[in-house]
Amino acid sequence: MISILDQFEQGVETTFKTASTSKQLLDESFDRDADLGGVPILSKKKVNFSPTDKITQLLVSNDYVVLAMVNNVLLRINLKQDNIEEIDTLKTSSLKVKQLFLDPFGEHLLISCGNITSSQLFYATKQLSKLKPVGKYQGSEITSVAWNCDHRVKSTSSTTGPILLGNSSGAIIETQLGTEFDRFFQGSVVQYWKEVFDISKGQPIPIIGLQYHRVGKSDLFYILAITPTKLYQFVDFILNKDERPMLQQIFNNYLTIPERFYEVPTVVKHGKLHFYFLNNDFTVPKYFGFLTELGVFVAEVDINKDDKTIFSSHELIEYSRLYGRDDDDFTVPLSMTFTRYHVLLLFPERVIAVSLVSPADRNASQVMDEDYCSDSHGRLLNITKDLMTGTIWLYAERAVFRYKMIKEDRHVWKVYLDKGMFEEAKEICNSNPYRMNQVLVRQAEHFFNSKQYENSALIYANLNVSFEEIVLKFLHLNEKKPIKLFLMKKLDSLKSHDYTKITMVTLWLIELFSNELAVLRNCKQGKSQEYTMLQESFQHFLSRSIIQDCIHKNWESIYGILASHGDVNFMIWLALENQDYKRVVQHYLNEEKIAEALTLLDNHPFSELFYTFSSDLVEKAPAQTVSILIKQGQKLDPLKVINTLIIPNPSERLALEIIRYLEYSIHLLNCHVESVHNYLISLYIKHNRDKLMNYLKLQGREITAVSYNPEFALRLCREHQLKEACVQLSIVLGLWEAAVDLALTVSVDLAKTTASLPNNNMELSKKLWLKIAQYVVKQNNDIEQAMRFLEECKFIKIEDILPFFPDFVTIDHFKDAVCSSLEEYNKDIQSLKEEMEDATKSAEVIRSEILSFRNGYMLIQPSNECSSCQEQLMTKAFYTFPCSHCFHAECLIKEMTPYVDPSTINTIKDLQNQLSILYQNNKDISQSLEAITRRDKVKESLDKLLASECFFCGEIMISLIDKPFIEDADFENIKQEWE
């Protein structure tokens, strides 16, 4: 047999996708669910299964099917494994299957059987192929079962956990069943069996429906039970969940108080208690319901542990008003089941989907879809649902069907919208932009009409509607907060490339904030909590990243808005936040807040700020400004700073502070810019002359070493009659005579000091000393002082200064000087004589050595070898040296070739060729005197080149002292040979 799951998915679901853009949200043609108009909500597919007899009951849990047939045959079908199994039947028994009860996990099965005289209960599990009687129970018929929905029970399928049974007499029994209790000799599947509550109060009343659930993971439990006319609620805590019976702890609390029940219309005899769980999670029940004779009772689960109630309100979906009109001739459904938004009702010939949300218009139909069934498969029996998988099953006497709900929320959103249930409508329309936009528009309009302007503004900001239309709507209000909220929310939805829109909205919001702050200030509330909170909100807004670029590009406009409202403090804050320190410093200067300006510069040392404002600040606070400038050190360019410190006619205090910075720049920052030094000199001359000479001496006398302009400095010193400084500057310029002349106008000592400086130039020094001597003799007529010059200056003799003396001076004044001079001349003459005698002796020694070398010789033995090729020396022409090294002529040339220039080698080879030719021409002919002379000259020239010094001991080898023994090119080869 083909698997029952194989057929249903094929051809049922169609995917509807349409492109949507923000511009299409208002166009209904782009509703992606609009094409579902012709597709029914209820999609039915017959299962490929043919029963052998008429079906009486069918249950499905966790893809596990159990069905009973008229012939008392029970079938179990595992849909996951495509396996059909016939379990132990009651064919031979007189008992008939009355009801089947299957737990939500498909693990445990209870079968209620009976006949006219008795009833019995059987138990089976997924693993058991044989029915087990539940003890010896033969009492009233079991009409309902409250299974344990705890997932931990599913993991141990051998036991049901605590469950409740309701019978036809009104008794509620707690029991626990399982194969692990079927012990040897006992043969029972019951762990315990106890009646925990009796609703009948002595009058037999069948319990039609029974359920119990735990609230999340808490200790709170609730139990629901329905009888033909009442709905009972039991709510309480179970403190000991290991105690058995466990649920009796709840019922014990109702033994002394009246049970809580709710009168309901008469429940149909075949009715059941149905729950709907969100996402098939048994811990999150959404609502429950059951069939009555008048309508479907539906209530949303809302546990109140204080009042011990399970629901707070309910709704009765009347059969007579299903189609929006009164119909007294209605038919009561056979069964029902819940989906997310509908309750499915089974009638003898059709299945209808009724909306759980009643329409706003009472005359509107609640029936969203109908599916008619033919009678070819016998009469329809029941519609049921697999709570684990959410699959809906319909079965008739001869066939089984599966239902699939296709986009069941397609109409529900509109019902929610018409009733003003916007959050529920948005939950449904989350994946449909068109419908979501419609819901948001209606919600925004609702908030606006109900004067909830702020909520309306927040929603409008996210809608794709006309910006101008919404703005005009809010502008007519006296309140400004809604329009501000709208603009701020709208700003969040803008993209970075929407620069124009961002700019417009940002400037508008700044205007609104500024206006609110101004109103509070005008009302003398500038220090109120409201003002502080509004200011913080404004600051937070301006700090947002999305508008930073806008703020930087629209400084002037924003400052203009703030200035128009007189919000100076906020202008300063905004400028500081965006590092617009230039504007803040300028403001402080305008307000004469010098201390604040200096503090800002000290805390935010941007070089451009110093270059811009130093000139203003140094005039108003010289010491503090210069101290901050010095603190910055090399972060600032001294030249740019000094340009700001050039102030005409500065005060004494200001000039001294400027001098302090200039000295710092020169001495610690090593600034050698000429203009800086010139400015310092000018300030020294005008305000601190004591430091001028120290500075000039520190700079030195070399014109190439000084950093200032000597001509400029000399001109300033002359203008201010600073003669001593002029002397120093004249020395730097090399004007020695002018320097001495000027020094003589100051003091003779200064002139003497000046004259003693050029030590390396004897002639200049002598000239300068003579100028001083002439001045002393002629101007001061001080002969004794002139005589002392002879002791102070070694370059001046008595004969040099005699012309300066007047004619009336007698020899007595300089007799000693003349005698000293004569004695000095005598010593010089004697020294020259001694030097001449030493030179004569040295010449004689050299002459004798030359003669001895002319007659020198060396003995050459036949065994002597060439120092280069190690062959016998006398086999070829050779050279020998006093150091005993001997070389063949050709070997000597070969050794010298790498180390002498090519022109010398060419000359040697040319001389060898000439010598060879001369020998060949005179071989057999008597040599003439001229030929011999010529040959000797060539040979002498060759000897000078080759034999001037030993190659191994001479200058060539000494010059090669840093040359390695092995060339770089040969090093690797030699290294490998040695390895």
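> Whenever I open this one, the sheet that holds strand 2 (residues 55–61) confuses me. Can you help?
In a beta sheet, neighbouring strands pair by backbone hydrogen bonds and run either parallel or antiparallel. The antiparallel open sheet is built from four strands, whose spatial order is 2-3-4-5. Of all strands in the sheet, those bounded by a partner on one side alone are strand 2 and strand 5 (83–86). Taking the axes of each pair of neighbouring strands and ignoring which way they run, one obtains an average angle of 15° across the sheet. Relative to strand 5, strand 4 (residues 74–78) is paired through four bridges, and the arrangement is antiparallel.

> How should helix 22 (residues 710–719) be read in this particular structure?
Residues three or four positions apart in an α-helix share a direction because the helix packs 3.6 residues into each turn. Residues of helix 22 that are buried include every one of Pro710, Ala713, Leu714, Leu716 and Cys717, and no others. Down the axis of helix 22, the buried side of the element spans an arc of 165°, and every buried residue falls inside it. Contacts from the buried residues of helix 22 go to helix 20 (674–687), helix 21 (690–699) and helix 23 (723–732). Its side-chain oxygen 3.1 Å from the backbone nitrogen of glutamate 711, asparagine 709 forms the N-cap of helix 22. Count one or two residues on from helix 22 and you reach glutamine 721, which has phi positive near 55°.

> Explain a nonpolar patch on the surface to me, please; I cannot follow it from the model alone.
A cluster of nonpolar side chains, contributed by Phe965, Ile966 and Phe971, occupies part of the molecular surface with about 380 Å² of accessible area. Within the secondary structure, isoleucine 966 sits in the loop between helix 33 (955–959) and helix 34 (968–978). What makes isoleucine 966 partly exposed here is its relative accessible area of 33%.

> Help me out: how do you make sense of the pattern of salt bridges in this one?
Applying the stated rule across the entire model yields 26 salt bridges. Aspartate 549 serves as the salt-bridge partner of lysine 553, at 3.3 Å between the closest nitrogen and oxygen. Taken together, the residues span about one helical turn, with lysine 553 and aspartate 549 both in helix 11 (residues 548–553) at a distance of four residues. In this structure lysine 553 comes out as exposed when scored by relative accessible area, which is 54%.

> Looking at this structure, I do not really get the packing of aromatic side chains. What am I missing?
Aromatic rings in a pair are described by how distant their centres are and how their planes are angled relative to each other. Throughout the structure, instances matching the rule amount to 33 aromatic pairs. Ring geometry for phenylalanine 277 and phenylalanine 282: centres 5.0 Å apart, planes at 80°, overall edge-to-face. In this structure phenylalanine 277 comes out as buried when scored by relative accessible area, which is 5%. Aromatic side chains phenylalanine 288 and phenylalanine 311 sit 5.6 Å apart centroid to centroid with 70° between the ring planes, which places their arrangement in the edge-to-face category. Residue phenylalanine 288 is located in strand 19 (residues 285–291), and its partner phenylalanine 311 is located in strand 21 (residues 309–318); the two are separated by 23 residues in the primary sequence. We classify phenylalanine 288 as buried; its relative accessible area is 0%. Taken together through their ring pairs, the aromatic side chains of Phe105, Tyr262, Phe275, Phe277, Phe282, Phe288, Phe290, Phe297 and Phe311 make up a single cluster. Stacked on the ring of phenylalanine 347, the Lys or Arg arginine 350 has its end atom at 4.5 Å from the ring centre. Stacked on the ring of tyrosine 499, the Lys or Arg lysine 553 has its end atom at 4.8 Å from the ring centre.

> What am I meant to see in the sheet that holds strand 17 (residues 260–263) here?
If you trace the four strands from one edge of the open sheet to the other, you get 14-15-16-17, paired in antiparallel fashion. In this open sheet, the two strands that pair with only one neighbour each are strand 14 (209–214) and strand 17. Between one strand axis and the next, the sheet turns through 15° on average, direction left out of account.

> Before we go on, may I ask you to explain the confidence of the model for the protein chain in this structure?
As a note on interpretation, predicted positions should not be read in detail where pLDDT is low. On average, residues of the protein chain score 82 in pLDDT, and 87% of them reach the 70 mark or higher. Below a pLDDT of 50 lies the segment residues 1–26, which in the model reaches 53 contacts outside its immediate sequence neighbourhood of four places, other chains included.

> What's the story with the nonpolar core in this structure? I'm lost.
Nonpolar side chains in soluble globular proteins tend to end up buried together. Grouped together as the largest cluster of nonpolar side chains are 119 residues, with contacts concentrated most on Phe474, Phe486, Phe538, Phe541, Leu542, Leu692 and Tyr708. Every residue in contact with phenylalanine 474, bar those within four places of it in the chain, is listed here: Phe448, Tyr453, Ser456, Ala457, Tyr460, Glu479, Pro482 and Ile483. Ranked by size, the runner-up nonpolar core spans 43 residues in total, among them Ile207, Leu224, Ile250 and Phe311.

> Honestly, a negative patch on the surface in this entry has me stumped. Any pointers?
A surface patch of negative charge is lined by Glu834, Glu835, Glu837 and Asp838. Within the fold, aspartate 838 resides in helix 29 (residues 815–854). Residue aspartate 838 is classed as partly exposed on the basis of its relative accessible area of 47%.

> Looking at this structure, I do not really get unusual backbone geometry. What am I missing?
Look at the link from arginine 244 to proline 245: it is a cis peptide, with omega at -5°. The residue proline 245 is located in the loop between strand 16 (230–237) and helix 2 (248–251) in this model. Positioned with a positive phi, lysine 451 is a non-glycine residue whose angle comes to about 65°. Lysine 451 gets classed as exposed once you look at its relative accessible area, which sits at 62%. With phi around 55°, glutamine 721 is a residue other than glycine that occupies positive phi space. Of note, glutamine 721 is situated in the loop between helix 22 and helix 23. On the basis of relative accessibility, which here comes to 59%, the residue glutamine 721 falls in the exposed class.

> Just to check I follow, could you spell out the pairing of strand 24 (residues 350–355) for this structure?
Two faces belong to every sheet, and in a regular strand the side chains alternate between them. Summarising burial for strand 24: six of the six residues are buried, a large majority. Judged by which residues are buried, strand 24 turns out to be covered on both faces: Arg350, Ile352 and Val354 on one side and Val351, Ala353 and Ser355 on the other are all buried. Of the strand pairs in this sheet, strand 23 (residues 342–346) and strand 24 are connected by five bridges, and their pairing is antiparallel. Among the inter-strand pairings, histidine 342 is bridged to a residue of strand 24, identified as serine 355. Here strand 23 hands over to strand 24 after three residues, the two strands then running antiparallel side by side. Where strand 24 lies against strand 25 (residues 367–372), five bridges are found, and the strand directions are antiparallel.

About the criteria used
What you see as residue numbers is a count from 1 along each chain, following the sequence as written. This being a predicted model, a pLDDT of at least 70 is required before a residue's local features are given, and a value of 80 or more before pairs of side-chain atoms are given or counted; all residues contribute to the totals for chains, interfaces and linings. Heavy atoms from the whole structure form the basis of all side-chain values; hydrogens and water molecules are not counted. What makes two strands pair is DSSP finding at least two bridges between them. Elements are defined by DSSP. Helices are runs of H or I of four residues or more, strands are runs of E of two residues or more, and each kind is numbered from the N terminus. Axis lines are fitted to C-alpha atoms, over the contacting stretch for helices. Their N-to-C directions set the angle, which ranges from 0 to 180 degrees. When accessible area is computed with a 1.4 Å probe and restricted to protein chains, residues below 20% of their type maximum are described as buried, those above 50% as exposed, and intermediate ones as partly exposed. By arc we mean the arc of the directions from the helix axis to the C-beta atoms, nothing more. We call two residues contacting when some pair of their heavy atoms lies within 4.5 Å. N or O atoms closer than or at 3.5 Å make up a polar contact, with two conditions inside protein: a donor-capable atom paired with an acceptor-capable one, and, for residues adjacent in sequence, both atoms drawn from side chains. Residues enter a patch when their relative accessible area is above 30% and they make no salt bridge; the linking distance is 9 Å between like charges and 5 Å between nonpolar side chains (Val, Leu, Ile, Met, Phe, Trp, Tyr). For the accessible areas, the method is Shrake-Rupley and the probe is 1.4 Å, while residue cover comes only from the protein chains on display. The salt bridge definition used is simple: a Lys or Arg side-chain nitrogen within 4 Å of an Asp or Glu carboxyl oxygen. Centres within 6.5 Å make a pair out of two Phe, Tyr or Trp rings, where for Trp the six-membered ring is used; the pair is then stacked when the planes are under 30 degrees apart, edge-to-face when over 60, and tilted otherwise. A ring has a charge above it when a Lys NZ or an Arg CZ is no more than 6 Å from the ring centre and no more than 35 degrees off the ring normal. Summary of the metric used: pLDDT quantifies the predictor's per-residue confidence within the range 0 to 100. Side-chain atoms within 4.5 Å are what join buried Ala, Val, Leu, Ile, Met, Phe, Trp, Tyr and Cys residues into a set we call a nonpolar core. His is not counted here, nor are the chain ends, while Lys and Arg score as positive and Asp and Glu score as negative. By convention, the point assigned to a charge is CZ for Arg, NZ for Lys, CD for Glu and CG for Asp.

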